[in-house]
Amino acid sequence: MVRVQVPASTANLGPGFDCLGMALKLFNFVEMSETNLGLSIEVTGEGKSYIPRDTTNVVYTCAQQVFKTVGHNPKGLRIRLHNNIPMSRGLGSSAAAIIGGLVAANVISGGTLNPVQLLRIAIQIEGHPDNVTPALFGGITVYAHTDEEVKYLKIDPPSGLKAIVSIPDFTLSTKDAREALPKQISLEDAVFNIGRTALLIASLQRGDLNLLSVAMEDRLHQSYRAGLIPGMRKVFAAARLAGAKGVALSGAGPTLIALTDKNPDLIAKVMKETFLQSGVKAKSVVLDPSLTGARALEIKN
Ligand code: HSE
C-alpha cells in the first residue's frame, strides 16, 4: 500500500498562461494497493457524491497508464481517495488526481519511471502543464516544451508569501473557460504578457513583492473570462485596496487569487464580501505555497 499526498495548484499566476504555476498547501490523498481481484474505489471529501468508482476514474486510468508503460499487471486494485481540493474551481483538482494516480502506481510497481517521465505522461493526459508541474514538483514552476523534450524549472516561493484564494460556490470547466478565448492575439498584447511574465519571475526570485501589481497583469485570458465570473474585476480592485500585492484568476477560474505578505485575513474577508455584493457566494482561504510536490507518505507491503 502506498499513500500519496498531492498539493493543489494555481496556474498562470496572471500573465504566465499555460506555463507558470504554484503549488499550495491544500492536499488530496491517494491510497493505492494491489489486491487479488477486481477494482474497488472509495472516495471521501470533495467530489465524493459524483467521482466515478469504476474504470473511468481518472486516478485509476492514470495508474493503468503507468502499469502499461512499465509492464506491471496487478490482479486487482484498491484505491482510496480523500480530497480536500474543490473540483472545477481552478485549483488543480484534476492535476492532483492525475499526479496522484501516476505517482502511487509508479511506487507500487517498483518506481521505474523518473519524475520527468511522469510529467510527460501527465501532460499528455491533462493537455496543459501548468497545474501538473507544480503538483508533481511543488514550489513555483516555469514550464516550456520542445517537440522532443519537456523543460521546467522550480523556483522557491519568496518567504512569507501568502496566497488568498476566494472560491466561488459555482464550478467552471477549463474547457468552457478556454472556449471564451480568442484564437489570435495582437503583437501588442503578446509583448504586454511577455514583459510581465519576465518581471513576475524576476520579482518572485528576488522576493520583491512590490512589483507584483504590474507583474501579475494579463491581456491573454483574464478579461475574456471576466463575463464567466460575476464580480471578478470588483474583487480584484477590493483585494488590492485591502493590501494585496498582486491579483489574478486562479488557472481558468472561477477562483480568484491574491498574493501578499501582509494582512491576508483582511484580504480574504474583503474578497468574500465583494463577491457577495455581485451575488456570488464564495469561501476565502489563506494558503501557504507548498514547497513540496507529490510525495509518498507511507509505503507498506
Ligand atoms: N492555463 C490553463 C488555462 C489552466 O488558463 O486555461 C488550466 O490548466
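Nothing here was measured: the structure is a model prediction, and the numbers come from that model.

Some details on the pattern of salt bridges
A complete count under the given rule lists 13 salt bridges for this structure. Among the ionic pairs, glutamate 31 bridges to arginine 3, the shortest N-O distance being 3.7 Å. You can see glutamate 31 sitting in strand 2 (residues 20-35) and its partner arginine 3 sitting in strand 1 (residues 2-11), a full 28 residues away along the chain. Classification of arginine 3 by relative accessible area gives partly exposed; the value is 26%. Between arginine 78 and glutamate 42 there is a salt bridge, with its nearest N and O atoms 2.8 Å apart. Placement of the pair is arginine 78 in strand 4 (residues 76-83) and glutamate 42 in strand 3 (residues 38-45), with a sequence separation of 36 residues. The exposure class assigned to glutamate 42 is partly exposed, which follows from its relative accessible area of 34%. The network of salt bridges with shared partners includes Arg3, Glu31, Glu42, Arg78 and Arg80.

A short note on the site of the ligand
As a structural note, the neighbourhood of the ligand is formed by Asn12, Phe17, Asp18, His128, Asp130, Asn131, Thr174, Arg178, Arg225, Gly251 and Ala252. Measuring from a nitrogen atom of the ligand, one finds a side-chain N or O atom of aspartate 18 at 2.5 Å. Counting only elements with at least two residues in the shell around the ligand, the list comes to helix 4 (129-137) and helix 5 (174-179). Along the lines of polarity and charge, the residues of the shell around the ligand split into two nonpolar, five polar and four charged. The residue makeup of the shell around the ligand includes at least three contributed by each of domain 1 (2-156 + 290-298) and domain 2 (162-287).

Considering the nonpolar core
Grouped together as the largest cluster of nonpolar side chains are 65 residues, with contacts concentrated most on Met32 and Ile99. Considering each element in turn, this core owes the most residues, ten residues, to helix 2 (residues 93-108). When residues are assigned to domains, this core turns out to be shared by domain 1 (2-156 + 290-298) and domain 2 (162-287), each giving three or more. Sequence-distant contacts of isoleucine 99, defined by excluding residues within four places in its chain, comprise Val6, Ala122, Val132, Ala135, Leu136 and Ala294. The next biggest cluster of nonpolar side chains, apart from the first, holds 24 residues, and it includes Ile164, Ala239, Leu256 and Val280.

Section: the domain arrangement of the protein
Split by domain assignment, the protein resolves into domain 1 (2-156 + 290-298) and domain 2 (162-287). Every contact between the two is made by 24 residues of domain 1 and, on the other side, 37 residues of domain 2. Together domain 1 and domain 2 conceal approximately 2100 Å² of surface at their shared face, both sides included; 68% is due to carbon and sulfur atoms. The largest per-residue losses of area from domain 1 upon contact with domain 2 belong to Pro15, Phe17 and Arg89, which jointly make up 30% of the total buried on that side. For the interface between domain 1 and domain 2, the tally reads one salt bridge. Where domain 1 touches domain 2, the interface holds 14 residue pairs in polar contact (both at pLDDT 80 or more). Contributing elements (two or more residues each) for the side of domain 1 that touches domain 2: strand 1, strand 2 and strand 5 (140-145). Sorting elements by how many residues they give to the side of domain 1 that touches domain 2 places strand 2 first, with five residues. Partitioned by chemical class, the residues of the side of domain 1 that touches domain 2 number 14 nonpolar, seven polar and three charged.

Quick look at helix 6 (residues 187-206)
Here helix 6 is 20 residues long and its end C-alpha atoms lie 29 Å apart, about the 28 Å a rise of 1.5 Å per residue gives. If you check which residues of helix 6 are buried, you get Asp189, Phe192, Asn193, Arg196, Thr197, Leu200, Ile201, Ser203 and Leu204. The buried residues of helix 6 occupy one face: seen down the axis, they fall within an arc of 165°. Summarising the geometry of helix 6, the exposed residues directed more than 90 degrees from the buried face are Leu187, Glu188, Val191, Ile194, Gln205 and Arg206. In this fold, the buried residues of helix 6 make contact with strand 2, strand 5, strand 6 (150-155), helix 7 (212-215) and helix 8 (222-225). Of the residues flanking the end of helix 6, it is glycine 207, one or two places downstream, whose phi is positive at about 75°.

Points about the packing of helix 9 (residues 232-241) against helix 10 (residues 264-277)
Interaxial distance between helix 9 and helix 10 falls to 9 Å at its minimum, and their mutual angle equals 155°. One element, helix 9, and the other, helix 10, form an angle in the roughly antiparallel class. Two packed elements cross with a definite hand, and for helix 9 against helix 10 that hand is right-handed. Contact residues: helix 9 offers Lys234, Val235, Ala238 and Ala239, while helix 10 offers Ile267, Val270, Met271, Thr274 and Phe275. For the contact of helix 9 with helix 10, the class distribution of residues is seven nonpolar, one polar and one charged.

A few points about unusual backbone geometry
Going from glycine 253 to proline 254, the amide bond is cis rather than trans, its omega being 10°. A positive phi angle is found at asparagine 12, which is not glycine, with a value near 80°. Within the fold, asparagine 12 resides in the loop between strand 1 and strand 2. Under the relative-accessibility criterion, asparagine 12 is labelled buried at 2%. In this structure, aspartate 18 is a non-glycine residue whose phi angle is positive, near 65°. Counting through the fold element by element, aspartate 18 comes out in the loop between strand 1 and strand 2.

The rules behind the values
- Residues numbered from 1 in each chain as written.
- Predicted model: local features only at pLDDT ≥ 70, side-chain atom pairs only at ≥ 80, totals over all residues.
- Heavy atoms only, no water.
- Salt bridge = Lys/Arg side-chain N within 4 Å of Asp/Glu carboxyl O.
- Helix = DSSP H or I, 4+ residues; strand = E, 2+ residues; numbered from the N terminus.
- Buried < 20%, exposed > 50% of the residue type's maximum accessible area, 1.4 Å probe, protein only.
- Near = heavy atom within 4 Å.
- Polar contact = N/O pair within 3.5 Å; in protein donor to acceptor, adjacent residues only side chain to side chain.
- Nonpolar A, V, L, I, M, F, W, Y, C, P; charged D, E, K, R; others polar.
- Domains from an automatic or database assignment.
- Core = buried A, V, L, I, M, F, W, Y, C linked by side-chain atoms within 4.5 Å.
- Contact = heavy atoms within 4.5 Å.
- Buried area = accessible area lost by both parts, 1.4 Å probe.
- Expected span 1.5 Å × (residues − 1).
- Arc of directions from axis to C-beta.
- Axes fitted to C-alpha atoms, helices over the stretch in contact; angles between N-to-C directions.
- Parallel < 35°, antiparallel > 145°, perpendicular 65-115°, else oblique.
- Left-handed = near helix turned anticlockwise from the far one by under 90°.

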